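Chain by chain, the residues run as shown.
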Amino acid sequence: MTIELYSTNYFLACTLGGILACGPTHSLVTPLDLVKCRNQVKPGLYKSVFDGWKTIAKSEGIGGVFTGVGPTAIGYSFQGAGKYGLYEVFKYRYANLVGEENAHKYRTLLYLGASASAEFFADIFLCPMEALKVKMQTTVPPFARTTGEGFKKIICTEGYLGFYKGIVPLWGRQVPYTMVKFASFERTVEFLYKTFLPKPKSEYNKLQQLGVSFSGGYIAGIFCALVSHPADVLVSKLNNLPKTEAGQKQVTAMDVVKQLGWKGLWTGLGPRIVMIGTLTGLQWLIYDTFKVYVGLPTTGGGEEQKKEK
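Notes on the structure in this doc start here. (Residues numbered from 1 in each chain as written. Predicted model: local features only at pLDDT ≥ 70, side-chain atom pairs only at ≥ 80, totals over all residues. Heavy atoms only, no water.)

### Describing the pattern of salt bridges
Our working definition: Here, a salt bridge means any side-chain nitrogen of Lys or Arg that lies within 4 Å of a carboxyl oxygen of Asp or Glu. Runs of E in the DSSP output that reach at least two residues are strands. Runs of H or I that reach at least four are helices, and both are numbered from the N terminus. Exposure classes here rest on a 1.4 Å probe applied to the protein chains alone. A residue is buried below 20% of its type maximum, exposed above 50%, and partly exposed in between.
Overall, the coordinates contain 13 salt bridges when judged by the stated rule. Salt-bridge contacts for K133 lead to D33; the nearest nitrogen and oxygen are separated by 2.7 Å. Remark: D33 occurs in helix 2 (residues 30-41) and K133 occurs in helix 6 (residues 107-138); sequence separation between them is 100 residues. With relative accessibility at 1%, the residue K133 sits in the buried group. The salt bridge partner of E60 is R38, with a shortest N-O separation of 3.0 Å. One end of the pair, E60, is in helix 3 (residues 49-60); the other, R38, is in helix 2, and 22 residues separate them in sequence. The class for R38 is buried, based on a relative accessible area of 2%.

### Topic: the nonpolar core
Convention followed: As used here, the term nonpolar core means buried Ala, Val, Leu, Ile, Met, Phe, Trp, Tyr and Cys residues forming a set that is joined through side-chain atoms within 4.5 Å.
Y6, Y10, Y84, Y87, W284, Y287 and L296 are the most contacted members of the largest nonpolar core, which has 29 residues in total. Contributions of two or more residues to this core are made by helix 1 (8-28), helix 4 (69-98), helix 6, helix 8 (167-195), helix 9 (206-240) and helix 11 (269-293). Within the second largest apolar cluster, 10 residues are counted, among which are V29, L32, Y177 and V180.

### Describing unusual backbone geometry
We note that Y6 has phi near 65°; this positive angle belongs to a residue other than glycine. As for its placement among the helices and strands, Y6 is situated in the segment before helix 1.

### Observations concerning the packing of helix 2 against helix 6
The condition is simple: Fitting a line to C-alpha atoms yields each axis, with helices limited to the stretch in contact; the angle taken between N-to-C directions then spans 0 to 180 degrees. For classification, angles of less than 35 degrees are called roughly parallel, those exceeding 145 degrees roughly antiparallel, those between 65 and 115 degrees roughly perpendicular, and all remaining angles oblique. Any pair of residues with heavy atoms lying within 4.5 Å of one another is described as a contacting pair. All residues other than Ala, Val, Leu, Ile, Met, Phe, Trp, Tyr, Cys, Pro, Asp, Glu, Lys and Arg, Gly among them, are scored as polar; the first ten of these are nonpolar and the last four charged.
Axis separation between helix 2 and helix 6 bottoms out at 9 Å; the angle between their running directions is 75°. Relative to helix 6, helix 2 is oriented roughly perpendicular. Judged by residue contacts, T30, D33, L34, C37, R38 and V41 of helix 2 engage K133, Q137 and T138 from helix 6. Residues belonging to the contact of helix 2 with helix 6 are distributed by class as follows: three nonpolar, three polar and three charged.

In structure tokens, the structure reads:
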């Protein structure tokens, strides 16, 4: 059965593609994320990524290298559904609001607006599992061994609001990240087809188009890491803070910024560029591969057509 572009089935397919793109890929880079998070909370704890893995495996076992993989898989699957599915919805709706001619003229603004709107809601789905993931990864020995154990411990010690104390920094990290991710991907793909590939997109086979998707995704990922890294450090720090006792002042994001200083906000940038570049490239590759599998065009390059109104 052919899926009509911008139909309900189209948006559902994009939502499923987002789950497949985000959940497995974030889970795959959990060992890198673990070292990155611990070095953000305690700078210099590990000399390098490999030193971190070696130290963790020695003290916590091989499985310790994948600490936090459970909440990572769950949280980023939910986030992927919102990120990709709602992006397609908002992009289509916003384009209809401004009209076809203006939609092409101001397409970068449409990409930015649609991705920001989608990520705002996606982060509400992500935040509880992100809080648990960071708590498990930045506490030595680990805060909890399983997702279920950690979930219950946060409820008992901090209540349900404990899952959302990092929502503002999370928006600060993820919304700019996703705006750059989608807008730079769309424009990079457009640039690659116009500059390095002499034929129209439709004349390239699906494998070649998917190669463009991966390349565009990796380039977009580098920009994402640069834009979102200070907020990523803040999220790690805030979720690692001990519970505030009665009468104590709640530590705010600005308190952490003052404590870290400008240089401290960029701790762990190198590993994160590698992680996010690879992650973003793989996500766009998986997402577009799924779209091709269900009979839809790959993202970007000017080939998607609006359904007739």
